[in-house]
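Structural overview
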Amino acid sequence: MQIVILKDSASVAEYGANIFIKQLQKKADSVLGLATGSTPVSLYQGLIAANKAKQISFAGVKTFNLDEYLGLEGTHPQSYRYFMNEQLFDHIDIDKSRTFVPPGDAENPIEACQGYEEQIKAAGGIDIQLLGIGRNGHIGFNEPSSGLMSRTRVKTLTKATIDDNARFFKVGEYQPHLSITMGIGTILDAKKVVLLATGENKADAIKATVEGALTAACPASALQLHQDAVLVIDEAAASKLTDCDFYKHIEAENQKLLAKLGL
Ligand code: PGA
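Procedures and definitions
Residues numbered from 1 in each chain as written. Predicted model: local features only at pLDDT ≥ 70, side-chain atom pairs only at ≥ 80, totals over all residues. Heavy atoms only, no water. UniProt positions renumbered as here; feature names shortened; annotations may be inferred. Near = heavy atom within 4 Å. Polar contact = N/O pair within 3.5 Å; in protein donor to acceptor, adjacent residues only side chain to side chain. Areas by Shrake-Rupley, 256 points an atom, 1.4 Å probe, with all protein chains shown as cover. Nonpolar A, V, L, I, M, F, W, Y, C, P; charged D, E, K, R; others polar. Helix = DSSP H or I, 4+ residues; strand = E, 2+ residues; numbered from the N terminus. Buried < 20%, exposed > 50% of the residue type's maximum accessible area, 1.4 Å probe, protein only. Contact = heavy atoms within 4.5 Å. Pairing = 2+ DSSP bridges. Axes fitted to C-alpha atoms, helices over the stretch in contact; angles between N-to-C directions.

The protein is annotated in an unreviewed UniProt entry as Glucosamine-6-phosphate deaminase of Shewanella pneumatophori. Within the UniProt record for the protein, the comment given under Pathway (unreviewed entry) is "Amino-sugar metabolism; N-acetylneuraminate degradation; D-fructose 6-phosphate from N-acetylneuraminate: step 5/5."

In C-alpha cells, the structure reads:
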C-alpha cells in the first residue's frame, strides 16, 4: 500500500482529485468507481472545477458506484443515486446513461447484483476505484465479517453504520437497514484503488487497515492484497499509526524518484 499522509482534509481532497484528473488525462474513456459519504465531496468539487476549466472531460467516461440503499428509489433525497447527481453528475459533461449505481428499487435484488457485476465486466472493469472507510473499517457497505472475495450482493448494515448515517435522515424518516454493495472481491478487481480518510474518528480503522492483520473483521485490510492501493489520509486519521515517520519517509523517497524520472 502507498500511504500518503497530508496535513488536513483539504490537502487530502486535492491530492485525491489530482489522481483522478491525471487518470482522465491519460485515458479519456476511463471507467471510474465512485463513492458517497462526506469524505469524497471536496474531491468531487475539484473534479467539477477541472471539468469547467476544460482540463478534463467526462464525455467518454463510465462510472460505477460502490453501493446503494435497498428500498430507496433514485429520486429519494437520501439515495446514493440522488447524492451522485447532486454532488457530481449534474455539474459535469457526463451522459447520465453512462453512470451506474446499484438499483436500490430492484424488484429482484439478487438478480440485480448479478446484473451489476455483468455491467462492470462489459465496461471492461474499473480502472480506478474511490473509497471512503467506515469507523468499523467497512469499504462500500462491506461490513465486518464480509467475505474477502465477496461480489456484489445484498448486505445488512451494522448498527454502527445505521447510527453514523442517521445524520442524513430526518427524524422519523424511514432509514433502510439493507443495501446492495460491490463485494470486496469486486473492489479488489479494480486496477487502482484510492482510499481517502480524514479525521480522528477514522484513526482506529486506518490503524487496523494498515498495521492490523488481514481479516474480515476489518474489511479495508483486504487492500493489503491489492497491487496498486493508495491511502490518502490526514494527520488526524494517521494519528494511531505506529510507523507514521517511516510511511512519510517512503513517500518522500517515492516523490524524489518520480521527479528524477520526470513523472
Ligand atoms: P464518510 O463515510 O465519508 O461519510 O465518513 C465513509 C464510509 O462510510 O465509507
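Back to the write-up after that little detour.
**Regarding the site of the ligand**
The environment of the ligand is made up of Gly37, Ser38, Thr39, Gly132, Ile133, Gly134, His138, Arg167 and Lys202. Here an oxygen atom of the ligand sits 2.5 Å away from a polar atom, N or O, in the side chain of Thr39. Contacts to the ligand include His138, whose side-chain N or O atom sits 2.7 Å from an oxygen atom. Contact with the protein chains removes 81% of the 280 Å² of surface that the ligand exposes when unbound. Taken together, the residues that form the shell around the ligand break down as one nonpolar, six polar and two charged.

**Overview of the UniProt feature "domain: Glucosamine/galactosamine-6-phosphate isomerase" (unreviewed entry) in the protein**
With numbering aligned to this structure, UniProt lists the feature "domain: Glucosamine/galactosamine-6-phosphate isomerase" (unreviewed entry) at residues 10–229. Secondary structure within residues 10–229 divides into 33% helix and 15% strand; the distance between the first and last C-alpha atoms comes to 21 Å.

**A word on the UniProt feature "site: Part of the allosteric site" (unreviewed entry) in the protein**
According to UniProt, the feature "site: Part of the allosteric site" (unreviewed entry) maps to Ser146, Arg153, Lys155 and Thr156 in the numbering used here. Ser146 sits in the buried class, given a relative accessible area of 1%. Excluding residues that lie within four positions of it along the chain, Ser146 makes contacts with Arg153, Lys155, Ile184 and Ala216. Of note is the side chain of Ser146, whose polar atom sits 2.6 Å from the backbone oxygen of Glu143.

**Remarks on the sheet that holds strand β1 (residues 2–6)**
In space, the seven strands of this open sheet follow the order β1-β10-β9-β6-β2-β3-β5, with parallel pairing throughout. On the outer flanks of this sheet lie β1 and β5 (99–100), each paired with one strand and no other. As defined by bridge partners, strand β6 (residues 128–131) adjoins strand β9 (residues 192–197) across four bridges and the pair is classed as parallel. Its bridge partner lying in β9, Gln129 is registered against Val193. Along the sheet, helix α4 (residues 109–122) makes contact with β3 (62–65) and β5, crossing β3 at roughly 150°.

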